[in-house]
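Architecture and fold: a report
Residues per chain are reported as follows:
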Amino acid sequence: MADPDWDEDQEGVIQASAGERMLVEAGPGTGKTAVACARVAWLINEQDVTPSNIWLFSFTRTAVREIRDRIVDYIGDDRKARAVRITTLDSRIWYLRQGFDREDVAKLLKGGYELNIASVTEMLKDRNEGLVDYLEDLEHLIVDEAQDLVGKRGELVCHLIRSLEPECGVTVFADSAQAIYGFTTDDLEDEDSASFQTVPELRSGNWGEFTPVVLKIVYRTDDTKLATAWERLRD
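This structure is a prediction, so every number in the text was calculated from the model and none was measured.

Section: the sheet that holds strand β4 (residues 140-143)
- Spatial ordering of the open sheet is given by β3-β2-β4-β5-β1-β6, a layout of six strands whose pairing is parallel. In this open sheet, the two edge strands, each paired with only one partner strand, are β3 (85-88) and β6 (211-215). This sheet shows a mean twist of 15° between the axes of neighbouring strands, independent of strand direction.
- Relative to strand β5 (residues 169-174), β4 is paired through four bridges, and the arrangement is parallel. The residue bridging leucine 141 from the neighbouring strand is valine 170, located in β5.
- Lying on the sheet, helix α2 (residues 32-45) is in contact with β1 (21-26), β2 (54-58), β4, β5 and β6; it crosses β4 at an angle near 175°.
- Docked against the sheet, helix α9 (residues 151-163) engages β1, β2, β4 and β5, running at close to 160° with respect to β4.

Pasting the structure below:
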């Protein structure tokens, strides 16, 4: 697949070093999904990152399928593309709980997503040895649609980022204008609510230094006036 003509901001995200940590504000029509997929391809083809050491969280199973298909096109190697760990957050957390929670299998099967989230969050807080060792191999984490990771899920992702090795890169894509659930910490425990905000607020510095990037150009229309109006309305 031929590379599109990336604008300067898109190219900056795609070609950042593997260890870079970025918070990317990306509205509709700015090419967010394409940039995320091209980022994965760049990490593998140009930065020699092991495909299985890249995790990408997306919000729905449909989005996961779309992203995987696009990455196959960008990388040009089906085997490498299929090795990238592209899942919903809930699916990945179920896998982690199954692998590192010491409860018996029957209890694991009875637990729903919320119990999985709570269990893995506690393991991260307690620095579960097996889980922490497992995370050491992770080279890059990409989080899509982060504006909707609020409350317990936002808390979990923040603990996950805190648990990564310092050299592990993180790329977070978010658009506060598209938040489905609203930004809230109402369902956090009192001791957590002051220190854990929503994932897009990584810019606050609570989870280390993240470079802010904004994808500004709208590609969904060829009408210059309409695109300019849309960008101003977002502001």
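Digging into the nonpolar core
- Judged by nonpolar contacts, the single largest core of 33 residues is most densely connected at Val13, Val24, Val40 and Ile71.
- Broken down by secondary-structure element, the contributors of at least two residues to this core are α1 (8-14), β1, α2, β2, α3 (61-75) and β6.
- With residues up to four places along the chain from it excluded, the contact list for valine 24 reads Val13, Thr171, Val172, Phe173, Ala174, Val213 and Leu215.
- Residues Phe57, Ile93, Val143 and Cys168 belong to the second largest nonpolar core, which totals 28 residues.

Focus on α9
- Here α9 contains 13 residues, and its C-alpha end-to-end distance of 18 Å stays within 8% of the 18 Å for a straight helix at 1.5 Å per residue.
- By the criterion of burial, α9 is predominantly enclosed, with ten of the 13 residues buried.
- Within the span of α9, buried status applies to Gly151, Gly154, Glu155, Leu156, Val157, Cys158, His159, Leu160, Ile161 and Ser163.

Here we look at the pattern of salt bridges
- Inspection of every chain in the model, using the stated rule, returns ten salt bridges.
- A salt bridge links glutamate 145 to lysine 32; its shortest N-O distance comes to 3.3 Å. With a gap of 113 residues between them, glutamate 145 in the loop between β4 and α9 and lysine 32 in helix α2 connect regions that are remote in the sequence.
- Of the residues examined, glutamate 145 reaches a relative accessible area of 21% and is grouped as partly exposed.
- A salt bridge links glutamate 155 to lysine 152; its shortest N-O distance comes to 3.9 Å. Note that glutamate 155 and lysine 152 are positioned in helix α9 at a spacing of three residues, about one turn of the helix.
- By relative accessible area, glutamate 155 is classed as buried at 1%.
- Several salt bridges converge on common partners, so that one network encompasses Glu122, Lys125, Lys152 and Glu155.

Here is what the cut-offs are and how they apply
Residues numbered from 1 in each chain as written. Predicted model: local features only at pLDDT ≥ 70, side-chain atom pairs only at ≥ 80, totals over all residues. Heavy atoms only, no water. Pairing = 2+ DSSP bridges. Helix = DSSP H or I, 4+ residues; strand = E, 2+ residues; numbered from the N terminus. Axes fitted to C-alpha atoms, helices over the stretch in contact; angles between N-to-C directions. Contact = heavy atoms within 4.5 Å. Core = buried A, V, L, I, M, F, W, Y, C linked by side-chain atoms within 4.5 Å. Buried < 20%, exposed > 50% of the residue type's maximum accessible area, 1.4 Å probe, protein only. Expected span 1.5 Å × (residues − 1). Salt bridge = Lys/Arg side-chain N within 4 Å of Asp/Glu carboxyl O.

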